[in-house]
Amino acid sequence: MEPFKHLISRTVVMPAANIDTDQIIPARFLTTTTREGLGARLFADWRYDAEGRPRPDFVLNRPEADGCRILVAGRNFGCGSSREHAPWALTDYGFRAVISTEIADIFRNNSLKNGLLPVVVEPAVSDWLLAHPGSELSLDVATRTLTLPTGVAVEFPLEAFAQHCLLEGVDELGYLLARSADIAAYEAQA
Amino acid sequence: MSASSGTRAGARTLFEKVWDSHIVSPQSASAPAVLYVDLHLIHEVTSPQAFQVLRERGLPVRRPDRTLATMDHSTPTRAAATLGGTPVAIDSAARQVATLEKNCAEFGVELLSMSHAQRGIVHVIGPELGLSQPGQTIVCGDSHTSTHGAVGALAFGIGTTEVGHVFATQCLLQRRPRSLSIEVKGRLRPGVTAKDLILAIIGRIGVDGGTGHVIEYRGEAIRALGMEERMTVCNMSIEAGARAGMIAPDEVTYEYLAGRARAPHGVDWQRALERWRQLPSDPGARFDREVHLDAAQIEPMITYGTNPGMVIPISAQIPERPGDPAFQRALDYMGLSPGQPLKDQKVNVVFLGSCTNARLSDLRGAAALLRGRRIARGLTMLVVPGSQEVKRQAETEGLDRIFTEAGAEWRESGCSMCIGMNGDLVPRGEYSVSTSNRNFEGRQGAGARTLLASPLTAAACAVTGRVTDPRELLNT
Ligand code: SF4
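Given the structure is predicted, the values throughout are model-derived calculations rather than measurements.

Some points on the overall build of chain B
Scanning chain B from N- to C-terminus turns up 16 helices and 19 strands. On C-alpha atoms alone, chain B measures out to a radius of gyration of 22 Å, which is about the 23 Å that the 2.2 N^0.38 rule sets for 476 residues. Its C-alpha atoms give chain B principal-axis dimensions of roughly 65 × 60 × 50 Å. Counting only residues that meet the buried cut, chain B has 65% of its 476 residues in that class. For chain B, the share of sequence-separated contacts (at least 6 apart) that also reach a separation of at least 24 residues comes to 75%. Working note: accessible area of chain B is about 16,300 Å², and carbon and sulfur atoms make up 48% of it.

Written out as structure tokens, the structure reads:
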């Protein structure tokens, strides 16, 4: 994994609460056997009409969304299935961070393993972000800070191990494999 | 010891006991715990990229003997004979199924393939084979792994990267979740099922009410549930955002598991029983949060919106939430209005299936209501057993004939219309009363409108072609 230290980008805002993984990537696109190419299917049923034409009113189809790396969403983003295709689709599209007041457990885990930073903020910060689409934000992993264009900086929770893995580009499998002796000892006594 | 809170030092919950006994190395400020996995279930959709990682890094599956594969999501439910020689309806799905076959052969993982007599939905076959056992840790690249918590296991869904971790090390890196006790007193009334109970719970705590928590379902109403009903409850824990749902093992559990193909036998069974009897939460064990419900107050429940928390008693009206655009958007998608009753709403499709409600007792309940009746004209009803074993048992009892004589279609097992990956779809704009677990936009097909309900309610709706309280038909 590439190290993830710092990100500066404008935001795309999707204020709905409970945006589930079936919206992020509908199930009919899950018959793939690779990780690549899912960005084209991201939010497919909101992004395209029944004939496959882009819906002009959907936020990702607007010119302002071009190049935005940060998605700001309503409460409980990523609920539903465990499909890692959801963060794969988001990163393949170009997103590197998701900000919400609450992010579903499995989605958050999956995101961290794919260099997609899940950022949980207080309702007041979220309200500001939802009201100011396109704001340029700065996210710093080492200090766990989100800085708004107003200069206000807020800290976000990030577990120490996940932070270390992001900063160093460490993959967790290497860490687990290094514990093989402990695992063998556990198996021997169990 | 604090007398006022009623908690006791050293008293542990069911969850804590299972968690503690699977710690390879404990969590610290700088690292999560390394948690050992007893049983790893896999299927065709969330495993290919994980096998690919093993291949790229030259790693074997560490414990193929603790790994079992099935195919369920993208497999067809029409009998092979009617498919004109193509075993899987959709090309990419056929590729995915073939990839699983190849991967399992290469890495030595046992696979219940298409023609296998014990194939089925991954969360139906685990308990059915007696593989899912009390006190175990069970994972699968699938969020409804919470189902297996019904036998007193700690069972939860993981992503594909983590599937790779378990392949390579039989372990996961995990921070300990918090615990939530949901205690249900009293008894469910006739015509009210485990599905109604879990929908009522989600309606109460919300679709994120369990986030960060493992739920333990407790109390008289839970104890009174049969094993398959307990699975229905635990299955939908994830719809409340919880990592897992658990129910303490008891005589119901042991009776269910005794004699199953892959449950312990003989002396091993006796030893297992001794261990399992230690698992229930100790008196005075402390939970991080507690919720209380009264089963006698619960009515048949049905969803009206686009997440399982948008649920009402079947005789109630859809709530009004002026000034909530997301709520209005969900109702627009559903073609419904605030304040309207759902009862008598026209229904086009009925789906009886999924890992929530496609076990033998679910089929029996629906068949009892359908016996001697016909489904409404123009309505499509699909009955999809949870496993090939459920299918065989149902056929032995003649349930398949009750369904087909009523005008329903009787299929091979699989996920089918629950997720719409195999060609079984609800047409755009149509209303489906489904016994599955997700009413998300497009879940059953682009533009499909899903109303989640129990097998009894689904059967009643099939008969009338309208949203119907099953008690009206059960009483006649
Ligand atoms: S039946 Fe539905 S919820 Fe259950 S495993 Fe299959 S797709 Fe998932």
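Still more ground to cover, so stick around.
Some remarks on the pairing of strand β16 (residues 380–383) of chain B
All names here are of chain B. Strand direction decides the pairing type here: strand β15 (residues 349–352) and β16, joined by 4 bridges, are parallel. From the neighbouring strand, F351 faces β16, where its bridge partner is L382. One crossover worth recording links β15 to the parallel β16 by way of helix α12 (residues 360–370), and it is right-handed. Pairing of β16 with strand β17 (residues 409–410), which is carried by 2 bridges, proceeds in the parallel orientation. Bridge assignment links V383 to a residue of β17, and that residue is W410.

Overview of unusual backbone geometry
All names here are of chain A. Here the phi dihedral of R144 falls at roughly 50°; this positive angle occurs in a residue that is not glycine. Counting through the fold element by element, R144 comes out in the loop between β5 (136–140) and β6 (145–147). The class of R144 is partly exposed, set by a relative accessible area of 24%.

Notes on the packing of helix α3 (residues 85–93) of chain A against helix α4 (residues 105–112) of chain A
Two measures define how a pair of helices packs: the angle their axes make with one another and the distance between the axes. Residue and element names in this part refer to chain A. At a minimum axis separation of 9 Å, α3 and α4 run at an interaxial angle of 50°. For the element pair α3 / α4, the angle class is oblique. In this structure, α3 meets α4 at a crossing whose hand is right-handed. Residues A86, P87 and L90 of α3 form the contact with α4, whose own contacting residues are F107, N110 and S111. Among the residues forming the contact of α3 with α4, the class breakdown is 4 nonpolar, 2 polar and no charged.

Considerations on the site of the ligand
Residue and element names in this part refer to chain B. Looking at the ligand, the residues that line it are H73, I121, H123, D142, H144, S354, C355, C415, C418, I419, N437 and R443. Broken down by class, the residue content of the shell around the ligand amounts to 5 nonpolar, 5 polar and 2 charged. Structurally, the shell around the ligand is a two-domain feature, drawing no fewer than three residues from each of domain 1 (14–175) and domain 3 (303–474).

Brief notes about the environment of R204(B)
Counting through the fold element by element, R204(B) comes out in helix α6 (residues 194–205). Distance from R204(B) to G309(B), taken between C-alpha atoms, is 7.9 Å for residues 105 residues apart in sequence.

Re the sheet that holds strand β6 (residues 137–140) of chain B
Residue and element names in this part refer to chain B. With parallel pairing, 5 strands are arranged side by side in an open sheet as β5-β4-β3-β6-β7. On the outer flanks of this sheet lie β5 (110–112) and β7 (154–157), each paired with one strand and no other. Taken over all neighbouring pairs, the strand axes of this sheet differ in orientation by 20° on average, direction set aside. Across 3 bridges, the pairing between strand β4 (residues 67–70) and β5 is parallel.

What to know about the sheet that holds β5(A)
All names here are of chain A. With respect to topology, 7 strands assemble into an open sheet ordered β4-β3-β2-β1-β5-β6-β7, the strand pairing being mixed. Either end of the sheet is taken by a strand with one partner, and the two such strands are β4 (117–120) and β7 (153–155). Between one strand axis and the next, the sheet turns through 30° on average, direction left out of account. Against the sheet, helix α5 (residues 123–131) touches β1 (6–14), β2 (70–73), β3 (97–100), β5, β6 and β7, its axis set at about 115° to β2.

Quick look at the side chain of N307(B)
Along the chain, the position of N307(B) falls in the loop between β13 (301–303) and β14 (311–313). One polar contact links the side chain of N307(B) to the main-chain amide nitrogen of G309(B), over a distance of 2.8 Å.

Digging into the nonpolar core
Counting 91 residues, the largest nonpolar core has I42(B), L154(B), I182(B), V184(B), I201(B) and Y217(B) as the members making the most contacts within it. The leading source of residues in this core is α6(B), at 8 residues. Both domains that furnish three or more residues to this core are identified here as domain 1 (14–175) and domain 2 (178–250 + 280–296) of chain B. With sequence-adjacent residues up to four places away left out, V184(B) is seen in contact with L197(B), I201(B), R218(B), G219(B), E220(B), A221(B), I222(B), L293(B) and A295(B). One finds A27(A), F58(A), A73(A) and C355(B) within the second-largest nonpolar core, a separate group that totals 83 residues.

Calculation notes
Residues numbered from 1 in each chain as written. Chains lettered and ligands numbered in written order. Predicted model: local features only at pLDDT ≥ 70, side-chain atom pairs only at ≥ 80, totals over all residues. Heavy atoms only, no water. Helix = DSSP H or I, 4+ residues; strand = E, 2+ residues; numbered from the N terminus. Rg over C-alpha atoms; globule rule 2.2 N^0.38 Å. Buried < 20%, exposed > 50% of the residue type's maximum accessible area, 1.4 Å probe, protein only. Contact = heavy atoms within 4.5 Å. Areas by Shrake-Rupley, 256 points an atom, 1.4 Å probe, with all protein chains shown as cover. Pairing = 2+ DSSP bridges. Right-handed = clockwise from strand over helix to strand, strands pointing away. Axes fitted to C-alpha atoms, helices over the stretch in contact; angles between N-to-C directions. Parallel < 35°, antiparallel > 145°, perpendicular 65-115°, else oblique. Left-handed = near helix turned anticlockwise from the far one by under 90°. Nonpolar A, V, L, I, M, F, W, Y, C, P; charged D, E, K, R; others polar. Near = heavy atom within 4 Å. Domains from an automatic or database assignment. Polar contact = N/O pair within 3.5 Å; in protein donor to acceptor, adjacent residues only side chain to side chain. Core = buried A, V, L, I, M, F, W, Y, C linked by side-chain atoms within 4.5 Å.

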